[in-house]
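Coordinates in review
What follows is the residue order along each chain.
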Amino acid sequence: MRTTDPALPRNAAVLIWVPVLLLAPLLNLRSAPVWLGGVALVLLAAAGAVAGALTSWPEPSGASVASWTLLGLSVTAGSLLWNGWAPAWLLVAMVAGLALGVRAAWVAIPVTALVAAALQYRFDPVLEQALTRVFVVALSGTTAAVLNRLLIANRELRRTREQLAAAAVAQERERVARDLHDLLGHTLSVIVVKAAAVRRLIAADPDAAAGHAADIESVGRSALTRVREVVHDAAAPNLADELAAAREALTAAGIAVTEAPQSGIGAQLGEPLAWALREGVTNVLRHSGASRCRIALVRSDGAARLTIADDGVGHLGERADGLGGLAGLRRRLQAAGGGLDVRPGDEGFTLIAWVPDAG
């Protein structure tokens, strides 16, 4: 559903007064020296008011300033020629609040009120009425200026709200894409490894092959549950579970696993490191061709560090779109105040993930 353009109520609030406030000069034209000239001045004033209101949204422009100047000069000329222009000065003040910049408007509005009172005093030299004229004209212009700034602020707030909504949608899409990549990449890699083991063992050791087949079924069911959790933003992995799953997956793939003693790490620190462990082990299974993998999890120098090192080909396994893989993992760790260091080399690949250790 489209919302109303803020320019419409602002323009309508001023433009509706154009025929009303310029009616008085027309009604007093019978005493004017030149009737056609008086009509021309009224039409010029109307044109200046309409153009000033329409060309000043969302911000004052050169055209709006020129239009307000035309309005002011027309009303001033008419006020010098004959009586009846007093209401038109309200229009001059209101359009000043729209067509001029903030600072210029706060100067032009009181000046307009003083000029209106001075010219009115020529025809009706009563001080009380002149002071009343100053107050009424200044109040009209100030009201229009304040309303204009409120509408501009409302426009900016609406634009900011739309930008925040778009950013929230984009962030959620990135989260789902990253979590699905991290989850399904690891799960599918485990399924591939288990399926290969089934193919190797089905003739020589049917019982072991059946065990791996049961594992494939279990992993598949678990993946379905985790996909639902990802959709509902509840798929935070557990570090201990990820360590056990990593050990099992690597062993099934024929990769020898060595582990350094694990120091106690709480859930708050463990979650980002669990994502790092999942992604690192997935890359070892997919890309490394390694025969050995070392996993170390330590707390030192004010940080909790996870190190995954293999003796494979040293392939990064980076996704081209940057939504998953190591790019997504790096963003996830940075959001937790940590970082990621990758060291591909001729003798293998090393991944080091760390987060600040508040404990």
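A short note on helix α10 (residues 239-252)
Spanning 14 residues, α10 covers 20 Å between terminal C-alpha atoms, matching the ideal 20 Å at 1.5 Å per step. When we look at burial in α10, the residues that qualify are L239, E242, L243, A246, A249, L250 and A252.

Things to note about the packing of aromatic side chains
Per the stated rule, a full pass over the model turns up one aromatic pair. Positioned above the aromatic ring of W275 is the side chain of R332, whose terminal nitrogen or guanidinium carbon lies 3.9 Å from the ring centre.

Here we look at the nonpolar core
Counting residues in each nonpolar core, the largest one holds 37 residues, and the members touching the most others are L22, W68, L71, V75, W85, L91 and V95. Where this core is concerned, the elements lending two or more residues are α2 (17-21), α4 (35-54), α5 (62-81), α6 (88-99), α7 (102-123) and α8 (127-204). For this core, the leading source of residues is α6, giving 11 residues. Not counting residues within four places of it along the chain, the set of residues in contact with W68 comprises G48, V92, V95, A96, A99, L100, A108 and T112. Core analysis: the next-biggest nonpolar cluster, separate from the first, contains 31 residues, A249, A276, L333 and V355 among them.

Thoughts on the pattern of salt bridges
Applying the stated rule across the entire model yields five salt bridges. A salt bridge links E156 to R159; the nearest nitrogen and oxygen atoms lie 3.9 Å apart. Placement of the pair is E156 and R159 together in helix α8, with a separation of three residues, close to one helical turn. Note that E242 and R278 form a salt bridge whose closest N and O atoms lie 2.6 Å from each other. Residue E242 is located in helix α10, and its partner R278 is located in helix α11 (residues 267-288); the two are separated by 36 residues in the primary sequence. Accessibility assignment for this pair places E242 and R278 in one class, buried. Residues joined by salt bridges that share partners form a network here, namely R155, E156 and R159.

Details of a nonpolar patch on the surface
A cluster of nonpolar residues, V102, W106, V146 and L150, forms a patch on the protein surface that exposes about 360 Å² of accessible area. Residue position: V102 is located in helix α7.

Comments concerning the environment of N11
Summarising the element assignment, N11 is placed in helix α1 (residues 7-15). With 46 residues separating them in the primary sequence, N11 and W57 have C-alpha atoms 8.9 Å apart. Not counting residues up to four positions away in its chain, the partners in contact with N11 are A53 and L54.

Examining the packing of α4 against α6
With their axes 8 Å apart at the nearest point, α4 and α6 run at an angle of 25 degrees to one another. In terms of orientation, α4 lies roughly parallel with respect to α6. Crossing of α4 over α6 shows left-handed handedness. Counting all contacts with α4, which are made through A49, G52 and A53, the residues of α6 involved are L91, V95, L98 and A99. Split into classes, the residues belonging to the contact of α4 with α6 amount to six nonpolar, one polar and no charged.

Observations regarding the confidence of the model for the chain
Residue-level pLDDT values for the chain average 80, and 82% of them are 70 or greater. In this model residues 317-323 is a low-confidence stretch, pLDDT under 50, and it forms 17 contacts with partners more than four residues away in sequence or in other chains.

Re the side chain of S74
Relative to the helices and strands, S74 is located in helix α5. Ignoring anything within four residues of it in the chain, the contact list for S74 reads L41, L44, A45 and W85.

Considerations on the side chain of E242
Relative accessible area serves as the criterion here: at 7%, E242 is assigned to the buried category. A polar contact of 2.6 Å, which involves the side chain of E242, links it to the side chain of R278.

Considering the environment of G289
Structurally, G289 is set in the loop between α11 and β2 (292-300). Exposure remark for G289: the relative accessible area of 74% places this residue in the exposed category. Not counting residues within four places of it along the chain, the set of residues in contact with G289 comprises V284 and G312.

Criteria and cut-off values
- Residues numbered from 1 in each chain as written.
- Predicted model: local features only at pLDDT ≥ 70, side-chain atom pairs only at ≥ 80, totals over all residues.
- Heavy atoms only, no water.
- Helix = DSSP H or I, 4+ residues; strand = E, 2+ residues; numbered from the N terminus.
- Expected span 1.5 Å × (residues − 1).
- Buried < 20%, exposed > 50% of the residue type's maximum accessible area, 1.4 Å probe, protein only.
- Phe/Tyr/Trp six-rings, centres within 6.5 Å; stacked < 30°, edge-to-face > 60°.
- Lys NZ or Arg CZ within 6 Å of the ring centre and 35° of its normal.
- Core = buried A, V, L, I, M, F, W, Y, C linked by side-chain atoms within 4.5 Å.
- Contact = heavy atoms within 4.5 Å.
- Salt bridge = Lys/Arg side-chain N within 4 Å of Asp/Glu carboxyl O.
- Patch = residues over 30% accessible without salt bridge, like charges linked within 9 Å, V, L, I, M, F, W, Y side chains within 5 Å.
- Areas by Shrake-Rupley, 256 points an atom, 1.4 Å probe, with all protein chains shown as cover.
- Axes fitted to C-alpha atoms, helices over the stretch in contact; angles between N-to-C directions.
- Parallel < 35°, antiparallel > 145°, perpendicular 65-115°, else oblique.
- Left-handed = near helix turned anticlockwise from the far one by under 90°.
- Nonpolar A, V, L, I, M, F, W, Y, C, P; charged D, E, K, R; others polar.
- pLDDT = per-residue confidence, 0-100.
- Polar contact = N/O pair within 3.5 Å; in protein donor to acceptor, adjacent residues only side chain to side chain.

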